Amino acid sequence: MKFFAVVASAVLLASGCAESEAMRRATTPVPRSADPENWWCRRYREKAEIARSRGDRIRLVFLGDSITQNFEREKFGKIVADEALAPYEWLNLGFIGDRTQQMLYVIEHGDFFPPLEPDLVVILIGTNHFEFHESGPEEAAEGILRAVRSLRRLTPKSKILLVGVLPHAQGLDSGHNAGNRRINGIISAYADAENVFYADFSPLFLNADGTTKKDLYLDDLLHPSEKGYRVYAAALRPYLEKYVSKTFPEREK
């Protein structure tokens, strides 16, 4: 983990805001709401029950925001997930609107890791830090670094795939996309090609002239359309086939 400590220090020095409120938000685990009837809390409890009851069978876990949660929502990516992920026991821990601090709560609070010890954890997060005007790319990347370090500690046998933040279809020269590219540039250095991998699928969402393929997005220009999810799922396939078991042997006692 010495490598990650070095990267973390470099990010902190570059950002110059190690003690900033934004950094504390991005790297401090916190749920979306303290209200147990809030939709986020209800979803959290439902997913925690799945982890408790089926945790030893789940081999693939997704963490992230709405782009991840929408893999299980009708009229978004569900039909794609039902086809592409059918061979695997998987759990979707994406939550609409989440930033790194909520993802860190999911990882570190103790309801998921353990009992989960998947073959592969896929992380795609970061764009909402700009949607909420809450923290910059360095802070978001620092939150992702903490997530990697926590997962390596809590489920050391799991591989981790960091997926680069996808481009926003509002225009590649926008501040939003500049921030996304900055996150990607930082988190790409977290990969060690052994336990942590980085994949940037952004080029798949771009035309030859560098503009975004609008047909891969919904009208909000942020979330992938069903066609976009097919592109995303196809890009994930090599990692799933290489790292995720399709069988469920009994764990060693």
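A quick note: this is a predicted structure, and the numbers were derived from the prediction, not measured.

### Observations concerning the sheet that holds strand E1 (residues 60-64)
- The five strands lie next to each other as E2-E1-E3-E4-E5, forming an open sheet whose pairing is parallel. Every other strand in the sheet has two partners, leaving strand E2 (90-94) and strand E5 (196-199) as the edge strands with one partner each. The mean inter-strand angle of the sheet, taken between neighbouring strand axes irrespective of direction, is 15 degrees.
- Taken together, the four bridges between strand E3 (residues 120-124) and strand E4 (residues 159-163) define a ladder with parallel strand orientation. Residue pairing for E4: Leu-120 is matched across the bridge by Lys-159.
- Here helix H8 (residues 137-154) sits on the sheet in contact with E1, E3, E4 and E5, set at roughly 165 degrees to E4.

### What about the confidence of the model for the protein?
- Overall, the predicted model of the protein reaches an average pLDDT of 87, with 86% of residues at or above 70.
- Under a pLDDT of 50 for its full length, residues 1-19 has, in the predicted model, 32 contacts with residues more than four places off or in other chains.

### Description of the pattern of salt bridges
- Scanning the model with the defined rule gives 14 salt bridges in all.
- Here Asp-98 and Arg-32 are joined by a salt bridge, their closest N and O atoms 3.0 Å apart. Taken together, the residues span a long stretch of sequence, with Asp-98 in the loop between E2 and helix H6 (100-108) and Arg-32 in the loop between helix H2 (21-27) and helix H3 (39-54) at a distance of 66 residues.
- As a salt-bridge pair, Glu-49 and Arg-52 come within 3.1 Å of each other at their nearest N and O atoms. With Glu-49 and Arg-52 both in helix H3, this residue pair falls three residues apart, about one helical turn.
- Judged by relative accessible area, Glu-49 falls into the partly exposed class, the value being 42%.
- It is possible to trace a salt-bridge network through shared partners that takes in Arg-43, Lys-47 and Glu-72.

### What about unusual backbone geometry?
- Cis geometry marks the peptide bond from Phe-113 to Pro-114, where omega comes out at -5 degrees.
- Relative to the assigned elements, Pro-114 resides in the loop between H6 and E3.
- Residue Pro-115 is bonded to the preceding Pro-114 through a cis peptide linkage, with omega at 15 degrees.
- One can find Pro-115 in the loop between H6 and E3.
- Positioned with a positive phi, Ala-193 is a non-glycine residue whose angle comes to about 65 degrees.
- When you line up the elements, Ala-193 lands in the loop between helix H9 (175-187) and E5.
- Positioned with a positive phi, Leu-221 is a non-glycine residue whose angle comes to about 65 degrees.
- By the element assignment, Leu-221 lies in the loop between E5 and helix H10 (226-243).
- On the basis of relative accessible area, Leu-221 is assigned to the partly exposed category, the value being 28%.

Rules and cut-offs
Residues numbered from 1 in each chain as written. Predicted model: local features only at pLDDT ≥ 70, side-chain atom pairs only at ≥ 80, totals over all residues. Heavy atoms only, no water. Pairing = 2+ DSSP bridges. Helix = DSSP H or I, 4+ residues; strand = E, 2+ residues; numbered from the N terminus. Axes fitted to C-alpha atoms, helices over the stretch in contact; angles between N-to-C directions. Contact = heavy atoms within 4.5 Å. pLDDT = per-residue confidence, 0-100. Salt bridge = Lys/Arg side-chain N within 4 Å of Asp/Glu carboxyl O. Buried < 20%, exposed > 50% of the residue type's maximum accessible area, 1.4 Å probe, protein only.

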